[in-house]
Amino acid sequence: MSLEKTTCCVGFDIGSDSVHTVALDQEGKVVYSPASLMHFGNPIDALREAYDELVKSLGEENIRAVAFTGVVGKLVAETTGTPFYYDSISIPAGAEIIAPNAEYIFHMGSTNPYFFERAIDKEAGRAFVADHGTGTKCGGGSGILINKQIRRFFATEVPVKLEDPASAASPQEEQLIKRKNRGKLQQQLEQIHNRSIASMLDSSKEISVGGRCGVIIQSDMIHLQNSGEQISNILKGMYKRIARNYQSDVIRTRTLDKNKQAIATGGVFLNQNMVAMLSEELGMKITRPELYEKIGAAGAAWKALKEKKGLKFNPADLGLVTEAQKREIRFAPALSSIMGKVHDYPDEKAVKKTEGGLVIYKEIGDRAEVVIGVDGGSTTTKALIADASNLDIIVEICLDTNGRPLETAQKMFGEIRQHLGSRLKIQGIAYTGSSGAFYYKLFTDLKKDPSLAGTDILKDEITCHALGVRHFNKKVDTIFECGGQDAKFTLFNKDGTVNKAKMNLSCMAGTGQSMKNMLDMFGFDFNIFSEYALAAGRTPISDETCAVFTEATVLKLFALGFPKEEIAAAIAYGFIGGYANK
């Protein structure tokens, strides 16, 4: 399309997940709307990439003004001296471009949900916002929740290999590698979304995924999966819960006119099934317009056009944005400063380790009498084989559950059978953990008299922790335990019985699982993660409200270029700070 010079107004919506771009000509028609760029915690580099593509397509001389919206857009606009519009302005303004006849806007982005009622004055030829609403802090984060959960279910099916930017020979090559990595990650996540959408088609029943907060929804999903529920049913339950939460947290007590034209906007509606579910929840027809995810960007461009803005954007100023964000970070002392009070008890030296994860501490003869303990956790699944006469540890194995408790248990028992099966005489098995009951039902002969010796048993985690710790060290009177889903505090009486036991508040659910997600995201090896965290000379203070907000803080640190050591320290600080305070 040929354009007159300086006729385009460009809107950038920089949210917590993506950078969206829309350019309008002087009549308000969309002339440029490329695929949105997911920024994976690095919005400034993604904005640079989006702007470079914009200039290539339209020519810098054809850009009259640039305006911003979104959570990151505010800081960019303030630093670069360009116009900024809050979501409450840009979203309804964008409806004038992408759906001018819409009367209701149901918007769900990665972080914030909104509702707008537009009153259209046909005689005056304009529309205005007659009513609007938004959600609470704990009720937000639907887009982040969806991305986290579908990654957990399908990421291993869509592997991605990233290049190391540090290997670049020049700053230009480093930038090129970063852009390639961002593109690879986006391609991976898009494929994961497609698998998620396809999986939902196989859903066989309705299940209730509980919780108003994303952390609690995630925790409930993991417990459901660990109890053997199908992924397709869990995913459908998650989306339905998000629709219900939008109704209760955003729409609230409003009475909607079922005959009004309604649209669904925001990245959450990438899954068309979500449109149908919200339509069912609200009892009205809802459509998804063509530029549903770019409504904010379109609105920012439209406002700049109507207000006759003429301010251009200088990409060189983005360095100032980064420096301004860095100055906002607060720090605590180095984690290493407290190590004098920490006592580490290393594992016994192994005799042999197998490729499948089996760690053998003692060689055994044929028909050794043993007992087995199985802890089916949400993040890892563990088994320990001990001498039945004195509980000396013979073998242990720890495997990532990866959201597939049945397959993990099969792999674990298969490894034990392959290397030790013919030499073991099993006297009994005890199950615990979030998948403990599931495993007990699967692997136990329930027809056997439970009072007989050698019968498998199911025990709660607090009891197992108490017995296990006291067996190895009777001086221990307190346990601080942080698992994949649940965090616990246990205090003993002098005789070894439990005096007091507390579990985490719901806001701290999923701490260990979320921490593992962060380690995987940033390429930390769990076995040496502590070395990075303790090497940091200071500790960036991360939001300890819950795992979702801790992750947001750490992603910001990564985007700002903080060293890997300080990122590791921030991860540890956020999650353990949450444990101490909740």
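See the structure above.
As the structure is a computational prediction, the values presented were derived from the model and not from experiment.

Student: Whenever I open this one, the pairing of strand β13 (residues 368-376) confuses me. Can you help?
Tutor: Along any regular strand, the residues point their side chains to alternate faces of the sheet. Relative to strand β16 (residues 424-432), β13 runs parallel, the two being bridged by 8 bridges. The partner of glycine 373 across the bridge, within β16, is alanine 430. Where β13 lies against strand β14 (residues 380-387), 7 bridges are found, and the strand directions are antiparallel. When the sheet's bridge partners are listed, glycine 373 is paired in β14 with leucine 384. Where β13 hands over to β14, the hairpin turn is made up of 3 residues, counted between the paired strands.

Student: Would you mind going over the sheet that holds strand β11 (residues 352-353) with me for this structure?
Tutor: Through backbone hydrogen bonds, the strands of a sheet pair up, either in parallel or in antiparallel fashion. Within the open sheet, the 7 strands sit side by side as β11-β12-β15-β14-β13-β16-β17. Their pairing is mixed. Every interior strand has two partners, whereas the edge strands, β11 and β17 (457-458), have only one. This element, helix α12 (residues 436-443), spans β13, β14, β16 and β17 of the sheet and lies at about 140 degrees to β16.

Student: Which parts of the structure should I look at to understand the pattern of salt bridges?
Tutor: For the structure on display, the rule yields 24 salt bridges. Across the pair arginine 179 and aspartate 52 runs a salt bridge, and its minimum N-O distance is 2.8 Å. You can see arginine 179 sitting in helix α5 (residues 171-200) and its partner aspartate 52 sitting in helix α1 (residues 43-58), a full 127 residues away along the chain. Where lysine 303 meets glutamate 307, a salt bridge forms, and the shortest distance between an N and an O atom there is 3.6 Å.

Student: Would you take a moment to explain unusual backbone geometry for this structure?
Tutor: Excluding glycine, residues mostly carry a negative phi; peptide bonds, for their part, are mostly trans. Unusually for a residue other than glycine, arginine 252 sits at a positive phi of about 55 degrees. In this structure, arginine 252 sits in the loop between α7 (231-251) and β9 (262-265). Judged by its relative accessible area of 45%, arginine 252 falls in the partly exposed class. For lysine 308, which is not glycine, the phi torsion reads 55 degrees and is therefore positive. Structurally, the position occupied by lysine 308 is in the loop between α9 (295-306) and α10 (318-327). With a relative accessible area of 69%, lysine 308 lands in the exposed category.

Reading the values: rules and limits
Residues numbered from 1 in each chain as written. Predicted model: local features only at pLDDT ≥ 70, side-chain atom pairs only at ≥ 80, totals over all residues. Heavy atoms only, no water. Pairing = 2+ DSSP bridges. Helix = DSSP H or I, 4+ residues; strand = E, 2+ residues; numbered from the N terminus. Contact = heavy atoms within 4.5 Å. Axes fitted to C-alpha atoms, helices over the stretch in contact; angles between N-to-C directions. Salt bridge = Lys/Arg side-chain N within 4 Å of Asp/Glu carboxyl O. Buried < 20%, exposed > 50% of the residue type's maximum accessible area, 1.4 Å probe, protein only.

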